[in-house]
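Each chain, written out:
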Amino acid sequence: MKKIKLILYFLPVFFFITNCSGSVAHPLTRESNRELLENPPRNQEQLHTGTYYGCVHIPATEFFQKLMVGFERTGESCEVTVHDNNNVEVSFIENPVTVVNTSTDQLQRDIFIGELEYDQVLIVQHHQGEVVSITQTIYDENGYVVYGKSGEGDYIKECHLGMTTSEQLAGRKNCGT
């Protein structure tokens, strides 16, 4: 009974927080991505080069986990290497991908995009050029990228680089559940 009361107490707070944060101001679409990839911004921001280690996340399948956090860890490790000119290699993607900044003079975003085979998209989220996560996702049936609150459906896989500083300094590469 206490668990139910606790859930009912935090549910409105959770919905308020999730509806007020993390939305994509202007959703990414197949057309806008292709135009951006064909005509990248002249002052292209550069991601910091280097190799990053993280843990693989996939969309949650269990109802409450999907509702509360939205993902589950697979226990797999992942590796991301950023080369010059925003060329990115991801351990679970077959070929390197060149990504382009989605920011414009009017709208600053913290993501880069690249196109993959099979109508898939690679999203690189960063903070001041430092990679935070890499998401392999799809376009929905309306041509919107499935990412954050944009698009309908689930992303495919994410390499989340959210290890603590001490884990990174210790050389941790294991993502056991």
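See the structure above.
Below is a summary of the structure that appears in this document. Just so it is clear, the structure is predicted and the values come from calculations on it, not from any experiment.

1. Topic: the layout of surface pockets
Where empty space is left becomes clear once a probe the size of a water molecule has been rolled over the atoms.
Here comes step 1: Of the volumes computed, that of the second largest pocket is approximately 320 Å³.
Here comes step 2: Considering the residues around the second largest pocket, the lining is formed by Leu36, Pro40, Pro41, Arg42, Asn43, Glu45, Asn101, Ser103, Thr104, Asp105, Gln106 and Gln108.
Here comes step 3: Of the residues belonging to the lining of the second largest pocket, the class tally is 3 nonpolar, 6 polar and 3 charged.

2. Examining unusual backbone geometry
Here comes step 1: Located in the positive-phi region is asparagine 85, a residue other than glycine, with phi close to 60°.
Here comes step 2: Mapping asparagine 85 onto the fold places it in the loop between β2 (71-83) and β3 (87-90).
Here comes step 3: Although it is not a glycine, glutamine 128 adopts a positive phi angle of roughly 50°.
Here comes step 4: Examined against the element boundaries, glutamine 128 turns out to sit in the loop between β7 (120-127) and β8 (130-138).
Here comes step 5: What makes glutamine 128 exposed here is its relative accessible area of 61%.

3. What to know about the pattern of salt bridges
Here comes step 1: A complete count under the given rule lists 3 salt bridges for this structure.
Here comes step 2: A salt bridge links aspartate 119 to arginine 30; the nearest nitrogen and oxygen atoms lie 2.6 Å apart. In this pair, aspartate 119 sits in the loop between β6 (111-116) and β7 while arginine 30 sits in helix α2 (residues 30-38), placing the two residues 89 residues apart along the sequence.
Here comes step 3: Measuring nitrogen to oxygen at the nearest pair gives 3.1 Å for the salt bridge that ties arginine 34 to glutamate 115. Residue arginine 34 is found in helix α2, and its partner glutamate 115 is found in strand β6; the two are separated by 81 residues along the sequence.
Here comes step 4: Judged by relative accessible area, which is 36%, arginine 34 ranks as partly exposed.
Here comes step 5: Linked by salt bridges that have partners in common, Arg30, Arg34, Glu115 and Asp119 make up one network.

Conventions used here
- Residues numbered from 1 in each chain as written.
- Predicted model: local features only at pLDDT ≥ 70, side-chain atom pairs only at ≥ 80, totals over all residues.
- Heavy atoms only, no water.
- 1 Å grid on protein atoms, 1.4 Å probe; cavity = no way out; pocket = protein on both sides within 12 Å on 5 of 7 lines; lining within 4 Å.
- Points joined across faces, edges and corners; volume = space filled by probe spheres on them.
- Nonpolar A, V, L, I, M, F, W, Y, C, P; charged D, E, K, R; others polar.
- Helix = DSSP H or I, 4+ residues; strand = E, 2+ residues; numbered from the N terminus.
- Buried < 20%, exposed > 50% of the residue type's maximum accessible area, 1.4 Å probe, protein only.
- Salt bridge = Lys/Arg side-chain N within 4 Å of Asp/Glu carboxyl O.

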